[in-house]
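# Structural description and commentary
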Amino acid sequence: MQPYANAGGNSAVTAYELGDESITVAFKGGATYLYTYQSAGSHHIEQMRSLAQAGQGLGTYINKNVRKSYASKLA
């Protein structure tokens, strides 16, 4: 997984991994979730991918838009 830059300094996101049609996101405390095109929609996944690479806004986006739309909880 790639470390999340956390440019804002207060994100609960610690790391992420990009897949072809998915993103895996790790949070403080150890929880890791897989979000997919099928579970959250391609628009949301592409926005999450962009925010992850920018290192800012991913945690807020997840909380507001796709919080419970994960395909599976991995840890």
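The present account deals with the structure reproduced in this document. Numbers given for residues are sequential positions, taken from 1 along each chain in its written order. Where totals are concerned, whole chains, interfaces and linings use all residues; where local detail is concerned, this predicted model gives features only for residues with pLDDT of at least 70, and gives and counts side-chain atom pairs only at 80 or more. To get the side-chain values, take all heavy atoms of the structure and skip hydrogens and water.

### Considering the pattern of salt bridges
Within this document, salt bridges are pairs made up of a side-chain nitrogen of Lys or Arg and a carboxyl oxygen of Asp or Glu, the two lying within 4 Å of each other. What the rule picks out here adds up to 1 salt bridge. Arg-49 serves as the salt-bridge partner of Glu-46, at 3.6 Å between the closest nitrogen and oxygen. Separated by 3 residues within a single helix, Glu-46 and Arg-49 lie in helix H2 (residues 42-54), roughly one turn from each other. Buried means the residue's accessible area, taken with a 1.4 Å probe over protein chains only, is under 20% of the maximum for its type, while exposed means over 50%, and partly exposed covers the values in between. Its relative accessible area of 35% is what places Glu-46 among the partly exposed residues. The helix and strand labels rest on DSSP assignments: H or I over at least four residues marks a helix, E over at least two residues marks a strand, and numbering proceeds from the N terminus.

### Things to note about unusual backbone geometry
Despite not being glycine, Asn-6 shows a phi value in the positive range, around 55°. Mapping Asn-6 onto the fold places it in the loop between strand S1 (2-3) and strand S2 (13-19).

### Description of the pairing of strand S3 (residues 22-27)
In terms of residue burial, S3 counts as a mostly covered element, since 6 of its 6 residues are buried. Taking every second residue as pointing to the same face, both faces of S3 are buried, with Ser-22, Thr-24 and Ala-26 on one and Ile-23, Val-25 and Phe-27 on the other. DSSP bridges decide pairing: two strands pair if at least two such bridges lie between them. Here S2 pairs with S3 via 6 bridges, running antiparallel. Looking across to S3, one finds that Leu-18 is bridged to Ile-23. Sheet topology places S3 next to strand S4 (residues 32-36); 5 bridges connect them, and they run antiparallel. In the sheet register, Ser-22 faces S4, and the bridge partner there is Thr-36. Linking S3 to S4, which pair antiparallel, is a turn of 4 residues; within it Gly-29 sits at a positive phi near 95°.

### What to know about the packing of aromatic side chains
Each Phe, Tyr or Trp ring, with Trp reduced to its six-membered ring, pairs with another whose centre is within 6.5 Å; inter-plane angles below 30 degrees give stacked pairs, above 60 give edge-to-face pairs, and intermediate values give tilted ones. Scanning all chains against the criterion turns up 3 aromatic pairs. Seen from their ring centres, Phe-27 and Tyr-33 are 5.8 Å apart, and the 75° between their planes marks the pair as edge-to-face. Across this residue pair, the class does not change: Phe-27 and Tyr-33 are buried. Both rings, one in Tyr-35 and one in Tyr-70, keep their centres 6.4 Å apart while their planes meet at 85°; by these two values the pair is edge-to-face. Note that Tyr-35 is positioned in strand S4 and Tyr-70 in the loop between helix H3 (58-66) and strand S5 (72-73), a separation of 35 residues in sequence. A relative accessible area of 2% places Tyr-35 in the buried class. Tyr-70 gets classed as partly exposed once you look at its relative accessible area, which sits at 34%. Each member of the aromatic cluster is reached from another via a ring pair, and the members are Phe-27, Tyr-33, Tyr-35 and Tyr-70.

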